[in-house]
Amino acid sequence: MMKYIDDTGTKTSKLAGCGPLLQRSKASDAPLRQQVFQHVRASGRAARADITRALDISAGSATTLTADLIASGILREVEDQAREQARGRPPVALEVVPDAAFVIGIKVSSKRHSAVLADFAGNVVNTATAKSSGKRRSAAQLLDEIAALIELVLKNGGMRAADIDAVGIGVPGIVDHASGLIIWCSLLQDTNQDITAGFAKRFNMPLFLDNDTNMLTLAELWYGDGRDMTDFAVVTIENGVGMGLVVNNQLYRGTHGVGLELGHTKVQLDGALCRCGQRGCLEAYLGDYALTREAATALGPDVVEGKDPEALLALLFQHAKAGNSAAETIFNRAGRYLAVGLSNVAQLFDPPFIILSGDRMQYDYFYADEVFAEMQKLTLSDVRQPCKIVVHDWDDLVWARGATAPALAALTNTMAGGLEMPGA
């Protein structure tokens, strides 16, 4: 078992550019014009000769296509000082015109809502956060909070709503990707909620809605360690447990767009009650509420009385690290269940690479050597290479940045591929 703990605070890939690296894909259905644009953006900068080699096209095609993209205002020529000057002419490269479009990515959660304003090259222009009530609310109330957050990030960036071309939002729950219907969300009072229609009445821009873990997985695919990986999995531990999967550089959602709900796979028949209403879910042993469920027993009722869940969880961890055996058993049991969950991911999907992320990765019980040793024991490891585990303690703004990816992808289809914008 290989384990790598990324605690450097580096929130993005060391590679230039943004987006999946196209040379890792075997084929693409996108128009060649769009492939050229995507290659330039993924590279950060690229010369025409680089494009011809990467996409296996003629120099004449590269010249014609890049000239068209320049005329459209989404690529521009820049001097490339890294290249040797030939025949007395200044070396030239191509890059994305950043202000050709702007998008907003949002993560909503029980503790805080976060937003990232990004340009067409994927650069972060500005950010904003707002406190969340933590209570279940109506879809209309959630839309009010989203609207207020959008206004705040626009104000921080000195921009107007008319400047924004698309918005992506990640929610903690189950989203029907095709319809945009929120089947279930821990923030909402009711199931099967449609916030897309309400959003359209408030804002004249397309909305791209998805599960928040899918958005974090896109953050890894577009901006993080997954950019040059064709296949990898992301497992998140926060208030709940989520999973995202990338197969051949593409986010996998399942037939109906609601797959990979790792937190709601069953690990104990008639086990602990999950907030989804069923029993024995993995989340019921790993989520925040699962860890604090026995806090009064471990610490005493007088110690836990009046404390909010976040403060209680921090106190529980503090006691565990100080040698409180009752508090420590809570985290140790959660670690064993995490080992079960990770072994199931490895056994079912055989990814070469699993990224563990979310607020709870600040608790080292979840990435102790014993957890990964137990995972290895539970996995048929004799017939495969050990799965590499990477731990990211990333904040909510990274999830929000991931939500810019589907907005940028849709704009790319429209502006570089000539397709119609969904919902336009």
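Look up a bit, the structure's there.
Thresholds, definitions, all that
- Residues numbered from 1 in each chain as written.
- Predicted model: local features only at pLDDT ≥ 70, side-chain atom pairs only at ≥ 80, totals over all residues.
- Heavy atoms only, no water.
- Pairing = 2+ DSSP bridges.
- Helix = DSSP H or I, 4+ residues; strand = E, 2+ residues; numbered from the N terminus.
- Axes fitted to C-alpha atoms, helices over the stretch in contact; angles between N-to-C directions.
- Contact = heavy atoms within 4.5 Å.
- Salt bridge = Lys/Arg side-chain N within 4 Å of Asp/Glu carboxyl O.
- Buried < 20%, exposed > 50% of the residue type's maximum accessible area, 1.4 Å probe, protein only.
- Phe/Tyr/Trp six-rings, centres within 6.5 Å; stacked < 30°, edge-to-face > 60°.
- Lys NZ or Arg CZ within 6 Å of the ring centre and 35° of its normal.
- Polar contact = N/O pair within 3.5 Å; in protein donor to acceptor, adjacent residues only side chain to side chain.
- Patch = residues over 30% accessible without salt bridge, like charges linked within 9 Å, V, L, I, M, F, W, Y side chains within 5 Å.
- Areas by Shrake-Rupley, 256 points an atom, 1.4 Å probe, with all protein chains shown as cover.
- Lys, Arg positive; Asp, Glu negative; His and termini not counted.
- Charge placed at Lys NZ, Arg CZ, Asp CG, Glu CD.
- 1 Å grid on protein atoms, 1.4 Å probe; cavity = no way out; pocket = protein on both sides within 12 Å on 5 of 7 lines; lining within 4 Å.
- Points joined across faces, edges and corners; volume = space filled by probe spheres on them.
- Nonpolar A, V, L, I, M, F, W, Y, C, P; charged D, E, K, R; others polar.

## Some points on the sheet that holds strand E4 (residues 102–107)
Inference 1: Read from one edge of the open sheet, five strands run E6-E5-E4-E7-E10, paired in mixed fashion. What marks the edges here is a single partner per strand, and that holds for strand E6 (124–131) and strand E10 (207–211). Neighbour-to-neighbour, the strand axes of this sheet turn through a mean angle of 15 degrees, independent of strand direction.
Inference 2: Where strand E7 (residues 166–171) meets E10, five bridges bridge the pair, whose relative direction is parallel. Among the inter-strand pairings, Ile-169 is bridged to a residue of E10, identified as Leu-209.
Inference 3: Most of the contacts of helix H6 (residues 212–223) go to E10, to which it runs at about 100 degrees, and overall it touches E4, E7 and E10.

## Comments concerning the pattern of salt bridges
Close approach of charged atoms allows side chains with opposite charge to pair.
Inference 1: Here the structure, examined in full by the defined rule, presents 18 salt bridges.
Inference 2: The salt bridge partner of Lys-107 is Glu-238, with a shortest N-O separation of 2.7 Å. Here Lys-107, found in strand E4, pairs with Glu-238, found in the loop between strand E11 (232–237) and strand E12 (241–247); they are 131 residues apart in sequence, far enough to count as distant. Of the two residues, Lys-107 and Glu-238, both sit in the buried class.
Inference 3: The partner of Arg-360 in a salt bridge is Asp-288, with the nearest N and O atoms 2.6 Å apart. One end of the pair, Arg-360, is in the loop between strand E14 (353–357) and helix H13 (369–378); the other, Asp-288, is in helix H8 (residues 288–292), with 72 residues separating them in the sequence.

## So, the packing of aromatic side chains
Inference 1: A full pass over the atoms with the stated rule returns ten aromatic pairs.
Inference 2: Taking the centre distance of 4.5 Å and the plane angle of 35 degrees together, the rings of Phe-317 and Tyr-363 count as tilted. In this pair, Phe-317 is assigned in helix H11 (residues 309–321) and Tyr-363 in the loop between E14 and H13, connecting sequence segments 46 residues apart.
Inference 3: Residue class for Phe-317 comes out buried when judged on its relative accessible area of 16%.
Inference 4: Among the aromatic residues, those joined into a cluster by ring pairs are Phe-317, Phe-331, Tyr-363 and Tyr-365.
Inference 5: Positioned over the ring face of Tyr-365 is Lys-321, at 5.2 Å from the centre of the ring.

## Considerations on the environment of Arg-136
Inference 1: Looking at where Arg-136 falls in the secondary structure, it is placed in the loop between E6 and helix H4 (139–157).
Inference 2: In this structure Arg-136 comes out as partly exposed when scored by relative accessible area, which is 39%.
Inference 3: The spatial distance from the C-alpha of Arg-136 to the C-alpha of Asp-364 is 30 Å, given a sequence separation of 228 residues.
Inference 4: If we ignore the near neighbours within four places in the chain, the residues touching Arg-136 are Trp-184, Cys-185, Ser-186, Leu-187, Leu-188, Gln-189 and Arg-275.
Inference 5: Of the polar contacts made by the side chain of Arg-136, one reaches the backbone oxygen of Cys-185; its length is 3.4 Å.

## Considerations on a positive patch on the surface
Inference 1: A cluster of basic residues, Arg-279, Arg-293, Arg-333 and Arg-336, forms a positive patch on the protein surface.
Inference 2: Position of Arg-333 among the secondary structure elements: in helix H12 (residues 325–349).
Inference 3: Judged by relative accessible area, which is 30%, Arg-333 ranks as partly exposed.

## Describing the layout of surface pockets
Where empty space is left in the structure can be found by rolling a water-sized probe over the atoms.
Inference 1: Taken as a whole, the second largest pocket holds about 480 Å³ of empty space.
Inference 2: Ser-110, Lys-111, Gly-134, Pro-309 and Glu-310 are, among the 19 residues lining the second largest pocket, the residues nearest its centre.
Inference 3: Elements with a minimum of two residues in the lining of the second largest pocket: H8 and H11.
Inference 4: A total of three residues in the lining of the second largest pocket trace back to one element, the largest contributor, which is H8.
Inference 5: Partitioning the lining of the second largest pocket into residue classes produces three nonpolar, seven polar and nine charged.

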